[in-house]
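One letter stands for each residue in the lines below.
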Amino acid sequence: MGMIANYQKSTNQELENLKGSADFVDAVEELRETKEIDLYDIDKMWDALHFLLAGKSACEPIENDPISEAIVGQFNISGEDIEEFVSGTLAERVNVISEALQGLDFNIYAEKFNMWRFAEHDIYPNIWSYDDEAEEILDDMRGCFEGLKQSLSSSPTDWRE
């Protein structure tokens, strides 16, 4: 079993309702089902992508940094002492994040990709000893980045309340 990241569109009001929900995980699932929301899944690459682009583990989000927020969200909904991490980003901030991702050249980060740095910092998932798979791992991160970028820019008006 592992930790995966899924992204879905919500309004500011829906996020506010989630904050007050006793069982926010079920509330997120219900929201997805009732609105037939598209879900974008970067699977287990959330921490690796954050480390590559932001220089820190996703466990150390960078406040007011749109690249960090693209991965971990703007604010925590779920609290600190739980198994499920749920975060949110206000609609007006999504456009800032989307613009930041559009302006980012992934190739610059890819050139600095070094598996031992990820291992040294205990970046999830623990795949950094597979040197012979470095290109596939980097390609996976590139795909996650491009998919996240596309999902945020596909219909910016959907992110507004």
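Residues numbered from 1 in each chain as written. Predicted model: local features only at pLDDT ≥ 70, side-chain atom pairs only at ≥ 80, totals over all residues. Heavy atoms only, no water.

A. How the structure looks around the nonpolar core. Ranked by size, the top nonpolar core spans 37 residues in total, and within it Leu-49, Phe-106, Phe-113, Phe-118, Trp-128 and Met-141 carry the most contacts. For this core, the secondary structure elements donating two or more residues are β1 (5–8), β2 (39–43), α3 (46–54), α4 (66–72), α5 (91–102), α6 (106–111), α7 (115–120) and α8 (134–153). Looking at this core, the element that brings in the most residues is α8, giving eight residues. In contact with Trp-128, not counting residues within four places along its chain, are Ala-48, Phe-113, Met-115, Phe-118, Ala-119, Ile-123 and Ile-137. (Core = buried A, V, L, I, M, F, W, Y, C linked by side-chain atoms within 4.5 Å. Buried < 20%, exposed > 50% of the residue type's maximum accessible area, 1.4 Å probe, protein only. Helix = DSSP H or I, 4+ residues; strand = E, 2+ residues; numbered from the N terminus. Contact = heavy atoms within 4.5 Å.)

B. Region of the structure containing the packing of α5 against α8. Relative orientation of the contacting elements α5 and α8 amounts to 140°, with a least axis distance of 9 Å. Classified by the angle between their axes, α5 and α8 sit oblique to one another. Considering only the axes of α5 and α8, their crossing is left-handed. For the pair formed by α5 and α8, the contact residues are Val-94, Ile-97, Ser-98, Leu-101 and Gln-102 on the first element and Phe-145, Leu-148, Lys-149, Leu-152 and Ser-153 on the second. Each residue belonging to the contact of α5 with α8 can be placed in one class, and the counts come to six nonpolar, three polar and one charged. (Axes fitted to C-alpha atoms, helices over the stretch in contact; angles between N-to-C directions. Parallel < 35°, antiparallel > 145°, perpendicular 65-115°, else oblique. Left-handed = near helix turned anticlockwise from the far one by under 90°. Nonpolar A, V, L, I, M, F, W, Y, C, P; charged D, E, K, R; others polar.)

C. How the structure looks around the packing of α3 against α8. Following both chains from N to C, one finds α3 and α8 inclined at 85°, their axes separated by 10 Å at the closest point. In terms of axis orientation, α3 runs roughly perpendicular to α8. Contacts from Ala-48, Leu-49, Leu-52 and Leu-53 in α3 reach Leu-138, Met-141, Cys-144 and Phe-145 in α8. Grouping the constituent residues of the contact of α3 with α8 by class yields eight nonpolar, no polar and no charged.

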